[in-house]
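Here is what each chain is made of, one letter per residue.
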Amino acid sequence: MSSISIEDTDGRREILRRMLTIREFDSTAGDLFADGEIPGFVHLYIGEEAVAVGACAALDEEDYITSTHRGHGHCIAKGLDPNRMMAELFGRRDGYCNGKGGSMHIADVEANMLGANGIVGAGPPLATGAALTSQFKGEDRVALAFLGDGAVAQGQVHEAINLAATWDLPAVFLVENNHFGEGTPADEQHNIENLSETAESYNIPGFTVDGMDVTAVNEAVAEARDRARNGEGPTLIEADTYRYRGHFEGDPEPYRDEEDVQQWRDRDPIDTFAERLIDRGDLTEEELDEMRSEVQAEIEAAVEYARDADLPEPSEAYDDMFGEPVPEIEQFASRLRADGAGGE
Amino acid sequence: MSTKPETASTDRTETLTVREAIRAALREEMEQDEDVFVMGEDVGKFGGVLDVTDGLFEQFGGERVRDTPISEAGFVGAGVGAAATGSRPVVEVMFSDFLGVAGEQIMNQMSKMRYMFGGKIEMPVTVRTTEGGGMGAASQHSGTPHTWFAHFPGLKAVTPGTPAAAKGLLKSAIRSNDPVFFFENKMMYEQSGEVPTDPGYTLPIGEASVEREGEDVTVVATQRLVGESLDVADDLAGETSVEVIDLRSLYPLDTDTLADSIRKTGRMVVADESPLSYGVHAEVITRMVENEFFSLDAPLQRVGVPDTHIPFSTPLEDEVVPDGDDVRDAISQVV
Ligand SMILES: Cc1ncc(C[n+]2csc(CCOP(=O)(O)OP(=O)(O)O)c2C)c(N)n1
């Protein structure tokens, strides 16, 4: 059973709501970064919402995902709480990682979300490992790795897919081809046209789908998930999509112009899906407006929540290194504290 | 800190080689906990390139003793993902020289996930790997990179020097919810000794063991050099009284046992088969200087690899791989 069914009205409305939530979360995060309220790097997912939401709607809540440095969308699609996500962006103790992760590393293992990742291509081996646990323990869970077009060039991605293919693991590898790895176009990084073609070399199914169409992504992932659960091994899916914003916030984007972006905006995944729902009577224009303002209010509340949340105490920097703690950290830390150089 | 295992009866023992002790630890932990599985290159039917996992495939089958593709980044990474989701993988990396191939998964995923996720995840993965020169395997199959892992925050590293230590520490590593690197010196596999038979027997990670008491000088040794230092101590008996400590655990490091010893002897030789600069030697010596400066009666000495790789040709290899003679020379410098 998938977590959100695109087959019924409530499911379709929830899919739309999650896409709207991602866009609102990320445009707000962009503004907050520009205002200097959020430190570090922020990579926004705007334009790619159909991929995360289409995919996660096809997964069960028990299924695992791994994510990328552009992870906010994957988190929201997996059902994470925007309050605690925003708190993590603000470095608050109440954030998903108690302020130790930030934008690039949000994780919620309880929700089977195994982490956004600052290392390009690092997620697929982790997903292979999660799929291995599922197979090993005789569970029905599937692990889906989101990865970028740039990541496809990484050696460890190949190893992860090969391993999953060899062992028929219940894994899905979902390439988000947003056409750039930082500033270099995807076609300058790969010598094949469709990145799903590499599936052939693992003797697993590979598809390229329209990543601006949430239904297409949802169907492809649902099929891949069924295959995985039936013990037929992994699938490689490429979703053709686009990011409207720069690689990171502050990117001057010399590698493209506004016209290129506009062409994709004309096929916006949220607008087209909303129109479709209105056409089929799932939703009225008024209800759509209402949904937009609800989502806006939800994200505004998340910002307030994050602003009000406590920062961690400096001494918390020494927590959580090990399950069975070592004497070293406590000793080194207490020396710092005695000096007045850190800690309490 | 106690130097004797306390967790189970150690009265009944059997004579095992290091190889058999490691195999026994794997077998017992797999029998005891069905979440434990072993994976690596040729660990299954083939029994491991140095025979360590021999027989486990027959007993536990291919699901729990998994042959992997030759793909260190992939299967070490899969070990991380499996550990993060409730399995207890023991990953064999055939030669420690290949650990760099999996470097990203070790440095950025395995070691950081727990911390970076705010402590909300366990990482019960054990990495077993072989180290050391002495068999003409040349530079790419003889290295001792254990310092890298002991140095890297978020990882634990152990280097047993006896069969009993090998069994007890490996069992603890597998039971630990933290990532533990277990470094096996390949010249020790045939070394035998008494090993407790109780399946509850483990040794705490982070404790050194006084293997022989002495009054004049402390030799802190690891792996193969523990046995060689004990031989040297025997030879010198009546002339110089040598205390020999098996360091066992590189991180965490048992400062207390070392400090107790140096308070008694005032002198120390650190013998570890790894490059001499910036290594285990340096860490032990630093802690003695920090903690026990006023107990020191002589300059501290280190025995190790003179910052070279391990060459192929026997006279060259013999030149750089440290042994008991080097320990004896170092002792003679300070007593
Ligand atoms: C191993 C590694 N190399 C380089 C980087 C720097 N980097 C961060 S994102 C990125 C581009 C990734 O492109 P892609 O995988 O297509 O994902 P996208 O940004 O398009 O979502 C690069 C090169 C990194 N984080 N990790």
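Fair warning: this is a prediction, and the values are worked out from it, not measured in the lab.

Reading the values: the criteria
- Residues numbered from 1 in each chain as written.
- Chains lettered and ligands numbered in written order.
- Predicted model: local features only at pLDDT ≥ 70, side-chain atom pairs only at ≥ 80, totals over all residues.
- Heavy atoms only, no water.
- Helix = DSSP H or I, 4+ residues; strand = E, 2+ residues; numbered from the N terminus.
- Rg over C-alpha atoms; globule rule 2.2 N^0.38 Å.
- Buried < 20%, exposed > 50% of the residue type's maximum accessible area, 1.4 Å probe, protein only.
- Contact = heavy atoms within 4.5 Å.
- Areas by Shrake-Rupley, 256 points an atom, 1.4 Å probe, with all protein chains shown as cover.
- Lys, Arg positive; Asp, Glu negative; His and termini not counted.
- Charge placed at Lys NZ, Arg CZ, Asp CG, Glu CD.
- Near = heavy atom within 4 Å.
- Polar contact = N/O pair within 3.5 Å; in protein donor to acceptor, adjacent residues only side chain to side chain.
- 1 Å grid on protein atoms, 1.4 Å probe; cavity = no way out; pocket = protein on both sides within 12 Å on 5 of 7 lines; lining within 4 Å.
- Sits in = over half its atoms within 2 Å of the grid points.
- Nonpolar A, V, L, I, M, F, W, Y, C, P; charged D, E, K, R; others polar.
- Domains from an automatic or database assignment.
- Buried area = accessible area lost by both parts, 1.4 Å probe.
- Phe/Tyr/Trp six-rings, centres within 6.5 Å; stacked < 30°, edge-to-face > 60°.
- Points joined across faces, edges and corners; volume = space filled by probe spheres on them.
- Pairing = 2+ DSSP bridges.
- Axes fitted to C-alpha atoms, helices over the stretch in contact; angles between N-to-C directions.
- UniProt positions renumbered as here; feature names shortened; annotations may be inferred.
- Parallel < 35°, antiparallel > 145°, perpendicular 65-115°, else oblique.
- Left-handed = near helix turned anticlockwise from the far one by under 90°.
- Patch = residues over 30% accessible without salt bridge, like charges linked within 9 Å, V, L, I, M, F, W, Y side chains within 5 Å.
- Salt bridge = Lys/Arg side-chain N within 4 Å of Asp/Glu carboxyl O.

### Some words on the overall build of chain B
Then step 1. Counting its regular elements, chain B contains twelve helices and 14 strands.
Then step 2. For 335 residues, the compact-globule estimate of 2.2 N^0.38 gives 20 Å, and the C-alpha radius of gyration of chain B, at 19 Å, lies within 12% of that figure.
Then step 3. With the C-alpha coordinates aligned to their principal axes, the bounding extent of chain B is approximately 55 × 45 × 40 Å.
Then step 4. Relative to its 335 residues, chain B shows a buried fraction of 63%.
Then step 5. By sequence separation, contacts in chain B at least 24 residues apart represent 82% of the contacts at least 6 residues apart.
Then step 6. When the accessible surface of chain B is split by element, carbon and sulfur atoms take 49% of a total near 12000 Å².
Then step 7. Side-chain charges in chain B split into 27 positive and 57 negative, and the spacing between the mean points of these groups amounts to 6 Å.

### Observations regarding the site of the ligand
Residues and elements named next belong to chain A.
Then step 1. Close to the ligand lie 15 residues, the nearest being His 69, Arg 70, Gly 150, Asn 178 and Phe 180.
Then step 2. Here an oxygen atom of the ligand and a backbone polar atom of Asp 149 are 3.2 Å apart.
Then step 3. Between the ligand and Glu 182, the relevant distance is 3.1 Å, taken from a nitrogen atom to a side-chain nitrogen or oxygen of the residue.
Then step 4. According to the grid-proximity analysis, the pocket containing the ligand is the second largest pocket.
Then step 5. Its residues assigned to classes, the shell around the ligand comprises four nonpolar, eight polar and three charged.

### Details of the domain arrangement of chain B
All names here are of chain B.
Then step 1. Along its sequence, chain B is organised into domain 1 (14–196) and domain 2 (209–333).
Then step 2. Taken together, the contact pairs 29 residues of domain 1 with 24 residues of domain 2.
Then step 3. For the pair domain 1 and domain 2, the two sides together bury roughly 2000 Å², of which 54% comes from carbon and sulfur.
Then step 4. In this assembly, domain 1 and domain 2 are joined by 13 residue pairs in polar contact (both at pLDDT 80 or more).
Then step 5. Secondary-structure elements contributing two or more residues to the side of domain 1 that touches domain 2 are α6 (146–151), β6 (156–159), α7 (163–175) and β7 (180–185).
Then step 6. Here the side of domain 1 that touches domain 2 takes four residues from β6, the largest share from any one element.
Then step 7. Its residues assigned to classes, the side of domain 1 that touches domain 2 comprises 13 nonpolar, 13 polar and three charged.

### Let's talk about the packing of aromatic side chains
Then step 1. Summed over the entire model, instances satisfying the criterion amount to eleven aromatic pairs over all chains.
Then step 2. Taken together, a centroid distance of 4.7 Å and an interplanar angle of 55° make the contact between A:Phe136 and B:Phe37 tilted. Of this pair, A:Phe136 sits in helix α5 (residues 123–136) while B:Phe37 sits in strand β2 (residues 36–40), each in a different chain. As far as the burial class goes, A:Phe136 and B:Phe37 line up, both buried.
Then step 3. Taking the centre distance of 5.9 Å and the plane angle of 45° together, the rings of B:Phe149 and B:Phe183 count as tilted. With a gap of 34 residues between them, B:Phe149 in helix α6 and B:Phe183 in strand β7 connect regions that are remote in the sequence.

### Looking at empty space enclosed by the protein
Residues and elements named next belong to chain B.
Then step 1. The tally for this structure, following the rule as stated, stands at three cavities of 30 Å³ or more.
Then step 2. In this structure, the largest cavity spans a volume of roughly 60 Å³.
Then step 3. Taken together, 13 residues form the lining of the largest cavity, with Val 52, Glu 92, Arg 128, Thr 130 and Tyr 189 sitting closest to its centre.
Then step 4. Of all the elements in the fold, those that place two or more residues in the lining of the largest cavity are β4 (88–93) and β5 (126–131).
Then step 5. Looking at the lining of the largest cavity element by element, the count peaks at three residues for β5.
Then step 6. Its residues assigned to classes, the lining of the largest cavity shows six nonpolar, three polar and four charged.

### Quick notes on the sheet that holds strand β1 (residues 64–66) of chain A
All names here are of chain A.
Then step 1. Strand order in this open sheet of five strands is β1-β2-β3-β7-β6, and the pairing throughout is parallel. Two strands close off the open sheet at either side, each with one partner strand: β1 and β6 (206–210). Adjacent strand axes in the sheet meet at a mean angle of 20°, parallel and antiparallel pairs treated alike.
Then step 2. In the packing of helix α6 (residues 155–166) onto the sheet, the strands contacted are β2 (143–148), β3 (171–177) and β7 (235–240), and the crossing angle to β3 comes to about 145°.

### A word on the sheet that holds strand β13 (residues 268–275) of chain B
Where strands meet in a sheet, backbone hydrogen bonds hold them as pairs that are either parallel or antiparallel.
All names here are of chain B.
Then step 1. Taken in spatial order, the five strands of this open sheet run β9-β11-β10-β13-β14, and their pairing is mixed. Two strands close off the open sheet at either side, each with one partner strand: β9 (209–212) and β14 (301–305). For this sheet, the mean inter-axis angle between neighbouring strands, taken without regard to orientation, is 25°.
Then step 2. Each of β10 (217–221), β11 (242–246), β13 and β14 touches helix α12 (residues 324–334); the most contacted strand, β14, lies at about 160° to it.

### Observations regarding the UniProt feature "domain: Dehydrogenase E1 component" (unreviewed entry) in chain A
Then step 1. The residues that UniProt annotates with the feature "domain: Dehydrogenase E1 component" (unreviewed entry) are residues 17–314 of chain A.
Then step 2. When the span residues 17–314 of chain A is considered, its composition is 44% helix and 10% strand, and the gap between its end C-alpha atoms is 38 Å.

### Thoughts on the packing of α5(A) against helix α3 (residues 72–84) of chain B
Packed helices, taken two at a time, are described by the angle their axes make and the gap between the axes.
Then step 1. Remark: α5(A) packs on α3(B), axes separated minimally by 6 Å, with the N-to-C direction vectors making an angle of 60°. Compared by their axis directions, α5(A) and α3(B) come out oblique. Handedness of the α5(A)/α3(B) crossing: right-handed. Residues A:Pro125, A:Leu126, A:Thr128, A:Gly129, A:Ala130 and A:Thr133 of α5(A) form the contact with α3(B), whose own contacting residues are B:Ala73, B:Gly74, B:Gly77, B:Ala78, B:Val80, B:Gly81 and B:Ala82.
Then step 2. When the residues that make up the contact of α5(A) with α3(B) are grouped by side-chain class, the tally is seven nonpolar, six polar and no charged.

### Digging into a negative patch on the surface
All names here are of chain A.
Then step 1. A grouping of Glu 275, Asp 279, Glu 285, Glu 286, Asp 289 and Glu 290 is seen on the molecular surface, where their side chains present a negatively charged patch.
Then step 2. Elements with a contribution of two residues or more to the negative patch: α10 (269–279) and α11 (285–308).
Then step 3. Sorting elements by how many residues they give to the negative patch places α11 first, with four residues.
Then step 4. Relative to the elements of secondary structure, Glu 275 occurs in helix α10.

### Topic: the layout of surface pockets
Then step 1. If you add up the space inside the largest pocket, you get close to 500 Å³.
Then step 2. Lining the largest pocket are 23 residues; nearest its centre among them are B:Ala150, B:His151, B:Tyr251, B:Glu283 and B:Arg287.
Then step 3. Ranked by residues supplied to the lining of the largest pocket, first place goes to helix α10 (residues 280–292) of chain B with five residues.
Then step 4. When its residues are assigned to classes, the lining of the largest pocket shows 17 nonpolar, three polar and three charged.
Then step 5. Here the lining of the largest pocket gathers at least three residues from each of two domains, domain 1 (14–196) and domain 2 (209–333) of chain B.
Then step 6. Roughly 410 Å³ of internal volume is contained in the second largest pocket.
Then step 7. Lining the second largest pocket are 30 residues, with A:His69, A:Arg70, A:Val120, A:Glu182 and A:His247 positioned closest to its centre.
Then step 8. Contributions of two or more residues to the lining of the second largest pocket are made by α5, β2 and β4 (180–181) of chain A.
Then step 9. Counting residues per element, the lining of the second largest pocket draws most heavily on β2(A), which supplies three residues.
Then step 10. The residue makeup of the lining of the second largest pocket, split by class, is eleven nonpolar, 14 polar and five charged.

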